[in-house]
Amino acid sequence: MTMETRRRLEKRVLLAVKIAVGSALAIYIAEAMHLEFAVSAGTVTLLSLLGTKWDTVRISVIRIGTFFLTSLLAMLLIPWMHSEWIAFGVVIFIVALLSAIMGWQASLSVNGVIAAHYMMKMDFSIPFIYNEFMLVLIGVMIALVLNLFHLNKNRKKDIVEDMRYTERQLQAILREMSAYLRGEQQKPLSVSVWEEIRALEKKLKEYMEEAREFQNNNFAAHHSYYLDYFEMRLEQCRMLDSLHYEMKRIRTVPKEAKVTADYMCYLADHVREKNIPEEQLERLQEIFKEMKKENVPRDREEFENQAMLYHIMMDIEEFLKYKIEFIENLDDRQRKEYWD
């Protein structure tokens, strides 16, 4: 079983357990309080158990807030319209429209259940409104408590493994490009590196989703570090794609390419999470100075090849600047938590 398959299975099993336990517990509590439509408390819990803590908190607050709007509309419209079914449709239309405008569509299902209760009972007394409110409150509170439980320790370990994998892949791609510039590459560069870059980009997008979910399951703001890290690596990966394109355009590799190849091999050793690439940038600037001192190209092809080689070095410079920018954007808490 692959790590990705294991992660998906763990999340699905945990969510299924929380839905089953939470819905049953909500119904039990509602019945113990002798509430009417007690099963609806379980439905509210089921609908409120979203993937992350922050999502559950947000939707729970929205559901409680829109409950009062639905109750008010039902009280004003259902008793005074000739057809209760038309009245129900009007209530749902207004609630759905306001939910769409405010971005609260996730609360619509629960509001529909509450409006249906009012229509069936035709009871708008304080005790029945209290009954409906408690159904919603029990449902969202159970969901809030259960969504405090996530496999965050395992998730964090998996994310760190993803970071190490990303670094190893970037190092391998840089070394492969370096070998090509030295003339040591056996496979066509356009096939091997392109496939590796595309595969890594796909992986990084998946890792970003994992990091975003981990961040939303933690109330500490500094956990955005992992998402920022993978976003930075994705930008670097795209820069390698641009670098790869420039290298493919070189018709004959000039002798100056050895310096670039040596630098790329040197850089690969420093693609690590906690490396601050100031030394690598300084060394790159020295290479730029040396390139400017080179002899004037003898013909058009040599000129074009040297120009493309210069563009390759500029792409490498951008590669390093993405890491510099990532480091500069770290706050004090993130530096202490992840770097010190």
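Residues numbered from 1 in each chain as written. Predicted model: local features only at pLDDT ≥ 70, side-chain atom pairs only at ≥ 80, totals over all residues. Heavy atoms only, no water.

## Brief notes about the overall build of the chain
Here comes step 1: Secondary structure summary: the chain contains 13 helices and 0 strands in total.
Here comes step 2: The helix and strand sequence of the chain, counted from the amino end, reads α-α-α-α-α-α-α-α-α-α-α-α-α.
Here comes step 3: The 340 residues of the chain split such that 45% are buried.
Here comes step 4: Across the chain, contacts joining residues at least 24 apart in sequence account for 78% of those joining residues at least 6 apart.
Here comes step 5: Summed over its atoms, the accessible surface of the chain is roughly 17900 Å², and 60% of this surface lies on carbon and sulfur atoms. (Helix = DSSP H or I, 4+ residues; strand = E, 2+ residues; numbered from the N terminus. Buried < 20%, exposed > 50% of the residue type's maximum accessible area, 1.4 Å probe, protein only. Contact = heavy atoms within 4.5 Å. Areas by Shrake-Rupley, 256 points an atom, 1.4 Å probe, with all protein chains shown as cover.)

## Examining empty space enclosed by the protein
Here comes step 1: Under the defined criterion, the tally for this structure stands at 2 cavities of 30 Å³ or more.
Here comes step 2: Taken together, Arg 233, Gln 236, Leu 267, His 270, Val 271, Arg 272, Asn 275, Pro 277, Phe 319, Leu 320 and Lys 323 make up the full set of residues lining the largest cavity.
Here comes step 3: At the level of elements, α9 (224-248) and α12 (300-328) are the ones that each hand at least two residues to the lining of the largest cavity.
Here comes step 4: With 3 residues, α12 is the single largest residue contributor to the lining of the largest cavity. (1 Å grid on protein atoms, 1.4 Å probe; cavity = no way out; pocket = protein on both sides within 12 Å on 5 of 7 lines; lining within 4 Å. Points joined across faces, edges and corners; volume = space filled by probe spheres on them.)

## Comments concerning the packing of helix α3 (residues 53-77) against helix α5 (residues 108-121)
Here comes step 1: It is the contact of α3 with α5, at a shortest axis distance of 10 Å, that shows an interaxial angle of 35 degrees. The way α3 lies across α5 gives a crossing that is right-handed. Residues Arg 63, Thr 66, Phe 67, Thr 70, Ser 71 and Ala 74 of α3 form the contact with α5, whose participating residues are Ser 109, Val 110, Asn 111, Ile 114, Ala 115 and Tyr 118.
Here comes step 2: The class makeup of the residues in the contact of α3 with α5 is 6 nonpolar, 5 polar and 1 charged. (Axes fitted to C-alpha atoms, helices over the stretch in contact; angles between N-to-C directions. Left-handed = near helix turned anticlockwise from the far one by under 90°. Nonpolar A, V, L, I, M, F, W, Y, C, P; charged D, E, K, R; others polar.)

## Thoughts on the nonpolar core
Here comes step 1: Ranked by size, the top nonpolar core spans 51 residues in total, and within it Met 177, Phe 230, Leu 240, Tyr 263 and Ile 316 carry the most contacts.
Here comes step 2: If you list the elements that add at least two residues to this core, you get α7 (152-182), α8 (189-216), α9, α10 (257-268), α11 (278-292), α12 and α13 (332-339).
Here comes step 3: Counting residues in hydrophobic clusters, the runner-up holds 18 residues, among them Phe 67, Val 91, Ile 114 and Tyr 118. (Core = buried A, V, L, I, M, F, W, Y, C linked by side-chain atoms within 4.5 Å.)

## Considerations on the pattern of salt bridges
Here comes step 1: A full pass over the atoms with the stated rule returns 12 salt bridges.
Here comes step 2: A salt bridge links Lys 121 to Glu 36, with the shortest nitrogen-to-oxygen separation between them at 2.9 Å. With Lys 121 in helix α5 and Glu 36 in the loop between α1 (3-32) and α2 (39-48), this residue pair connects regions lying 85 residues apart in the sequence.
Here comes step 3: Overall, the relative accessible area of 35% leaves Lys 121 in the partly exposed class.
Here comes step 4: Residue class for Glu 36 comes out partly exposed when judged on its relative accessible area of 34%. (Salt bridge = Lys/Arg side-chain N within 4 Å of Asp/Glu carboxyl O.)

## Concerning the packing of α3 against helix α6 (residues 126-146)
Here comes step 1: Between α3 and α6, whose axes approach to 10 Å, the crossing angle comes to 170 degrees. In terms of axis orientation, α3 runs roughly antiparallel to α6. Across the interface between the two elements, Thr 56, Val 57, Ser 60, Arg 63, Ile 64, Phe 67, Phe 68 and Met 75 from α3 touch Ile 129, Glu 132, Phe 133, Val 136, Leu 137, Val 140, Ala 143 and Leu 144 from α6.
Here comes step 2: Of the residues that constitute the contact of α3 with α6, the class distribution is 12 nonpolar, 2 polar and 2 charged. (Parallel < 35°, antiparallel > 145°, perpendicular 65-115°, else oblique.)

## Side note on the side chain of Glu 167
Here comes step 1: Along the chain, the position of Glu 167 falls in helix α7.
Here comes step 2: When near neighbours in sequence (up to four residues on either side) are disregarded, Glu 167 contacts Tyr 229, Arg 233, Val 271, Arg 272 and Glu 273.

## Some points on a negative patch on the surface
Here comes step 1: A contiguous patch of negative charge on the surface is contributed by Glu 278, Glu 279, Glu 282, Glu 325 and Glu 328.
Here comes step 2: Secondary-structure elements contributing two or more residues to the negative patch are α11 and α12.
Here comes step 3: Broken down by element, the negative patch gets its largest block of residues, 3 residues, from α11.
Here comes step 4: Assignment of secondary structure puts Glu 325 in helix α12. (Patch = residues over 30% accessible without salt bridge, like charges linked within 9 Å, V, L, I, M, F, W, Y side chains within 5 Å. Lys, Arg positive; Asp, Glu negative; His and termini not counted. Charge placed at Lys NZ, Arg CZ, Asp CG, Glu CD.)

## A short note on the side chain of Ser 40
Here comes step 1: Following the sequence through the fold, Ser 40 ends up in helix α2.
Here comes step 2: Discounting residues that sit within four places of it in the chain, Ser 40 has contacts with Val 113, His 117 and Leu 135.

## A look at a nonpolar patch on the surface
Here comes step 1: Together, Phe 93, Leu 97, Leu 98, Ile 101 and Met 102 give the surface a local cluster of nonpolar side chains, amounting to about 510 Å² of exposed area.
Here comes step 2: Position of Leu 97 among the secondary structure elements: in helix α4 (residues 84-102).
Here comes step 3: Take Leu 97: its relative accessible area is 42%, and that puts it in the partly exposed class.

## Observations concerning α13
Here comes step 1: Within the sequence span of α13, burial applies to Gln 334, Tyr 338 and Trp 339. Within α13, the buried residues cover an arc of 80 degrees as seen down the axis, which keeps them to one side. Facing away from the buried side of α13 by more than 90 degrees, the exposed set consists of Asp 332 and Lys 336. (Arc of directions from axis to C-beta.)

## What about the environment of Ala 106?
Here comes step 1: Here Ala 106 lies in the loop between α4 and α5.
Here comes step 2: Distance from Ala 106 to Ile 59, taken between C-alpha atoms, is 7.0 Å for residues 47 residues apart in sequence.
Here comes step 3: Setting aside anything within four residues of it in sequence, one finds Ala 106 in contact with Ile 59 and Arg 63.

## Looking at the packing of aromatic side chains
Here comes step 1: As enumerated under the stated definition, the model contains 17 aromatic pairs in all.
Here comes step 2: Aromatic pair Phe 67 and Phe 68: ring centres 5.3 Å apart, planes at 75 degrees, arrangement edge-to-face.
Here comes step 3: Given the relative accessible area of 49%, Phe 68 is considered partly exposed.
Here comes step 4: Aromatic side chains Tyr 229 and Phe 326 sit 6.0 Å apart centroid to centroid with 75 degrees between the ring planes, which places their arrangement in the edge-to-face category. (Phe/Tyr/Trp six-rings, centres within 6.5 Å; stacked < 30°, edge-to-face > 60°.)

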